[in-house]
Protein chains: 2
Amino acid sequence: MSQINRQILLVSRPQGAASADNFKLVETPLAPLADGEVRVRNHYLSLDPYMRGRMSDAKSYATPQPLNEVMIGGTTGEVIESKNAAFKPGDKVVGMFGWQEFGTSDGKGLGKIDDTHVPLSAYLGPVGMPGVTAWYGLNRIIAPKAGETVVVSAASGAVGSVVGQLAKQAGARAVGIAGGPDKCRYVVETLGFDACVDYKAGNLYQDLKAATPDGVDGCFENVGGEGLDATLARMNAHGRIALCGFIAGYDGAPMPLKHPALLLTQRLLVQGFIVSEHMDVWPDALKELGTLVAQKKLQYRETVAQGLENAPEAFLGMLKGHNFGKQLVKLI
Amino acid sequence: MSQINRQILLVSRPQGAASADNFKLVETPLAPLADGEVRVRNHYLSLDPYMRGRMSDAKSYATPQPLNEVMIGGTTGEVIESKNAAFKPGDKVVGMFGWQEFGTSDGKGLGKIDDTHVPLSAYLGPVGMPGVTAWYGLNRIIAPKAGETVVVSAASGAVGSVVGQLAKQAGARAVGIAGGPDKCRYVVETLGFDACVDYKAGNLYQDLKAATPDGVDGCFENVGGEGLDATLARMNAHGRIALCGFIAGYDGAPMPLKHPALLLTQRLLVQGFIVSEHMDVWPDALKELGTLVAQKKLQYRETVAQGLENAPEAFLGMLKGHNFGKQLVKLI
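Predicted, not measured: the structure shown is a model, and the values here were computed from it.

### A short note on the overall build of chain A
- Secondary structure summary: chain A contains nine helices and 16 strands in total.
- On the principal axes, the C-alpha backbone points of chain A span a range of 65 × 45 × 35 Å.
- By residue count, 56% of the 332 residues in chain A fall in the buried class.
- Long-range pairs, those at least 24 residues apart, make up 66% of the contacts in chain A with a sequence separation of at least 6.
- Summed over its atoms, the accessible surface of chain A is roughly 13600 Å², and 52% of this surface lies on carbon and sulfur atoms.
- Measuring between centres, the 32 positive side-chain charges of chain A sit 2 Å from its 33 negative side-chain charges.

### Concerning the relation of the copies chain A and chain B
- With an RMSD of 0.0 Å, the operation that places chain A on chain B is a rotation of 180° combined with a shift of 0.0 Å along the axis. On the angle and the small slide along the axis, the relation comes out as a two-fold axis.
- Of the residues that chain A buries at the interface, 100% are likewise interface residues in chain B, meaning the two copies contact each other through the same surface.

### Some thoughts on the interface of chain A and chain B
- Tallying the contact residues gives 29 residues for chain A and 29 residues for chain B.
- Between chain A and chain B, the buried area comes to about 2600 Å², and carbon and sulfur atoms account for 63% of it.
- Along the contact surface separating chain A from chain B lie two salt bridges.
- For the interface between chain A and chain B, the tally reads ten residue pairs in polar contact (both at pLDDT 80 or more).
- The set of elements that each furnish at least two residues to the side of chain A that touches chain B consists of β13 (235-243), α7 (261-265) and β14 (269-272) of chain A.
- Across the side of chain A that touches chain B, the residue classes tally to 18 nonpolar, seven polar and four charged.

### Points about the sheet that holds strand β4 (residues 69-70) of chain A
Residues and elements named next belong to chain A.
- Taken in spatial order, the three strands make up an open sheet running β2-β1-β4, and their pairing is antiparallel. Looking along the sheet, the strands with just one partner apiece sit at the ends: β2 (23-29) and β4.
- Strand direction decides the pairing type here: strand β1 (residues 4-10) and β4, joined by two bridges, are antiparallel. Bridge pairing in β4 places Leu10 opposite Glu69.

### Section: helix α3 (residues 160-169) of chain A
All names here are of chain A.
- For α3, a buried count of eight out of ten residues is recorded, marking the element as mostly surrounded by other parts of the structure.
- All of the buried residues in α3 are Gly160, Ser161, Val162, Val163, Gly164, Gln165, Leu166 and Ala167.
- Looking one or two residues beyond α3, the residue adopting positive phi is Gly171, at roughly 90°.

### So, the packing of helix α2 (residues 129-142) of chain B against helix α8 (residues 282-294) of chain B
Residue and element names in this part refer to chain B.
- In the contact formed by α2 and α8, the axes pass within 9 Å of each other and the chain directions differ by 105°. Judged on the interaxial angle alone, α8 and α2 are roughly perpendicular. On α8, the residues touching Met129, Gly131, Val132 and Trp135 of α2 are Trp282, Ala285, Leu286, Glu288 and Leu289.
- Split by residue class, the contact of α2 with α8 holds seven nonpolar, one polar and one charged.

### Points about the packing of aromatic side chains
Residue and element names in this part refer to chain B.
- Scanning the model with the defined rule gives twelve aromatic pairs over all chains in all.
- Relative to Trp99, the ring of Phe23 has its centre 5.1 Å away and its plane inclined at 20°; by these criteria the two rings are stacked. Of the two residues, Phe23 sits in strand β2 (residues 23-29) while Trp99 sits in the loop between β6 (92-95) and β7 (102-105), which places them 76 residues apart along the sequence. The burial state of Phe23 is the same as that of Trp99; both residues are buried.

### Here's the deal with the nonpolar core
- Counting residues in hydrophobic clusters, the biggest one holds 94 residues, and the most contacted among them are Phe220(A), Leu289(A), Phe220(B) and Leu289(B).
- Leu232(A), Ile177(B), Met255(B) and Leu268(B) belong to the second-largest nonpolar core, a separate cluster that totals 48 residues.

### What about the sheet that holds strand β1 (residues 4-10) of chain B?
Residue and element names in this part refer to chain B.
- Read from one edge of the open sheet, three strands run β2-β1-β4, paired in antiparallel fashion. Among the strands making up the open sheet, the edge pair consists of β2 and β4 (69-70).
- Pairing analysis gives seven bridges linking β1 to β2, with the strands arranged antiparallel. Paired with Ile4 across the strands is Pro29, a residue of β2.

### Notes on the pairing of β14(A)
- Bridge analysis of β13(A) against β14(A) gives four bridges, and the strand direction is parallel. Each bridged residue has a counterpart across the sheet, and for Ala242(A) the counterpart in β14(A) is Gln271(A).
- Pairing geometry for β14(A) and strand β14 (residues 269-272) of chain B, over three bridges, is antiparallel. Bridge pairing in β14(B) places Gln271(A) opposite Leu269(B).

### Quick look at the pattern of salt bridges
- Taken as a whole and judged by the stated rule, the model has 24 salt bridges over all chains.
- For Lys145(B), the salt bridge identified is with Glu148(B), shortest N-O distance 3.8 Å.
- Residue Lys145(B) is classed as exposed on the basis of its relative accessible area of 53%.
- Through salt bridges that share partners, Arg6(A), Glu101(A) and Glu309(A) make up one connected network.

### Section: the environment of Phe273(A)
- Take Phe273(A): it is sitting in the loop between β14 and α8 (282-294).
- Each C-alpha atom, one on Phe273(A) and one on Leu166(A), is 18 Å from the other, the two residues being 107 residues apart in sequence.
- Setting aside its immediate chain neighbours within four residues, Phe273(A) contacts Thr133(A), Tyr136(A), Gly137(A), Ile141(A), Phe220(A), Ala242(A), Leu243(A), Cys244(A), His278(A), Leu264(B) and Arg267(B).

### Digging into the domain arrangement of chain A
All names here are of chain A.
- For chain A, the assigned domains are domain 1 (4-125 + 300-330) and domain 2 (129-276).
- The C-alpha-based centres of domain 1 and domain 2 are spaced at 28 Å.
- The partner domain 2 presents 13 residues to the 19 residues of domain 1 that form the contact.
- Of the roughly 1400 Å² buried between domain 1 and domain 2, counting both surfaces, carbon and sulfur atoms make up 61%.
- For the interface between domain 1 and domain 2, the tally reads four residue pairs in polar contact (both at pLDDT 80 or more).
- Here the residues of the side of domain 1 that touches domain 2 are counted per class, giving ten nonpolar, five polar and four charged.

### Remarks on helix α2 (residues 129-142) of chain A
All names here are of chain A.
- For α2, built from 14 residues, the straight-helix expectation of 20 Å at 1.5 Å per residue is met to within 8% by its first-to-last C-alpha distance of 18 Å.
- Burial analysis of α2 places eleven of its 14 residues in the buried class, which makes it a mostly covered element.
- The complete set of buried residues in α2 reads Pro130, Gly131, Val132, Thr133, Ala134, Trp135, Tyr136, Gly137, Leu138, Ile141 and Ile142.

### A closer look at the packing of helix α3 (residues 160-169) of chain B against α8(B)
Residue and element names in this part refer to chain B.
- It is at 13 Å that the axes of α3 and α8 come closest, and there the two elements cross at 90°. Between α3 and α8, the angle is such that the two are roughly perpendicular. Where α3 abuts α8, its residues Val162, Leu166 and Gln169 lie against Glu288, Leu289 and Leu292.
- Across the contact of α3 with α8, the residue classes break down as four nonpolar, one polar and one charged.

### Looking at the state of the cysteines
Residue and element names in this part refer to chain B.
- Here the structure, examined in full by the defined rule, presents zero disulfides over all chains.
- Looking at Cys184, it has no disulfide partner, and the nearest cysteine sulfur is the one in Cys196, 3.2 Å off.
- Note on Cys184: relative accessible area 9%, which makes it buried.

Calculation criteria
Residues numbered from 1 in each chain as written. Chains lettered and ligands numbered in written order. Predicted model: local features only at pLDDT ≥ 70, side-chain atom pairs only at ≥ 80, totals over all residues. Heavy atoms only, no water. Helix = DSSP H or I, 4+ residues; strand = E, 2+ residues; numbered from the N terminus. Buried < 20%, exposed > 50% of the residue type's maximum accessible area, 1.4 Å probe, protein only. Contact = heavy atoms within 4.5 Å. Areas by Shrake-Rupley, 256 points an atom, 1.4 Å probe, with all protein chains shown as cover. Lys, Arg positive; Asp, Glu negative; His and termini not counted. Charge placed at Lys NZ, Arg CZ, Asp CG, Glu CD. Least-squares fit on C-alpha atoms with pLDDT ≥ 70 in both. Buried area = accessible area lost by both parts, 1.4 Å probe. Salt bridge = Lys/Arg side-chain N within 4 Å of Asp/Glu carboxyl O. Polar contact = N/O pair within 3.5 Å; in protein donor to acceptor, adjacent residues only side chain to side chain. Nonpolar A, V, L, I, M, F, W, Y, C, P; charged D, E, K, R; others polar. Pairing = 2+ DSSP bridges. Axes fitted to C-alpha atoms, helices over the stretch in contact; angles between N-to-C directions. Parallel < 35°, antiparallel > 145°, perpendicular 65-115°, else oblique. Phe/Tyr/Trp six-rings, centres within 6.5 Å; stacked < 30°, edge-to-face > 60°. Core = buried A, V, L, I, M, F, W, Y, C linked by side-chain atoms within 4.5 Å. Domains from an automatic or database assignment. Expected span 1.5 Å × (residues − 1). Disulfide = S-S within 2.5 Å.

Given below as structure tokens:
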């Protein structure tokens, strides 16, 4: 009797906000392994804002997620069966198996990881795609000098939390923007940012101004909208903006940039980027990030949903900022 | 009896649109030259969009033009008297004497120029600040590859006309945006652009789309507003935007960028710049531009107002696009 693989498919594209109706849970029997293949029991599924972009078929940097196929997503887990000489049962691996309990692969795109000092879940966070995203935007675009000020939106999140901590290690002043007093307290007290502005407090620009007395030299933008407008108005000459996310705009609401002329008057650099186009930096970045996590010099926080069936709800909540730190789904 | 120097002062700052009331013509006796000084009869005064920014005291890249002082501006002219060993009567010079008929200087910031093959006026246009602005933004920010498409706004103007011609020489497709059929015809037929879109025709996005069948790889932005929105919507992945001017926004009208999320989805680079911060490129750029003008390989057009007293009207007209090519005032 073949084992059952539970999977979540994208079955429709959002009209406006994404909803649970866009997803469907199906059960599919696992086919026997072919020669060269390896089978993985996924332990963690990563939920990330970029997935909202893939749900639409609008022009974007990636081809849309096809309908009626397993939703895309990063996973970590354990090899349970292998007909591939490079893998053996018990190996821990990171891959892109998507929203399902088991993954089957010819080994391409599957990386072995060591969970002795870094837990499996962290390979989907600070020592995974979000961590490298933070590393790239901060080091390759913002490149903060000691004494400069770096503002990070979604500061308690998987990417933002790493940006601010790396900025601090570079000698910069790190200022976060996050939603609510709990997240802001965490950003300052646990992550060690110099300040954090609560955008839900209704006084974003004035609060940001108070938190950035010397202006802003680097902006790591994960959100867009009002926070970006406010940060832009605080930018110093020759500032750098790493554009990483526009989560507020994914639902198609118009979200203009109010004062683009500041880009000229302050001679700013803006660079949009997607970390998968910069694979050359991954080995160095992951090595550095893994060392920092193993040495407890890089803090991170996770919100973990239990069970594949709860992935859509967890994902929709994350788009609304209900998560606190990296959003994961534990599958086992 | 001392000679009279006619000068135009900025006497008030614009509330909304700039107006003739902001300026005042005064007559000032010329003091005798001190040792080390040189006196120049200005032949041409340059009028440039950046001056509108200097009239305001809003946060900008430059200190505002002080009230009740001679308006800032580039000039070319002839030395008429010298107590400075580096200059002798008859020398042709380029400087920043501003809106006045005579300039007096200790020689700093005054450059000797050769008008044998390049006319004096061109040192305020293609072989001056506008030309170097075009050279820097095109070569150092956009850096077009052969076969790529570069869009230039204000394409018939002092900067835009050079951008497109240099882009063509780099093997790129040059597409202009200009106001009215006469300017568009000039841009294509005389300057040699591949196409020019008339933003006054009321169909900007569709016309630009038709003129850029392969999308847009580089944007040299002199204007902002609707043209920038349209160009942004045509940008290919990894496109570059050189932000040089926001003339439409100088009067304080809100001019948001409609779809900033495209900067991320297309992984675009935006760089605001002001050419006076890149003095290191001027010698090479001016040499190249001077050679091209002398060899008639770089076309340019001038609108010349006669007499200092007409400078304010010519300047205000230029801000509304009434000029055709580089706006100058002939003072002699």
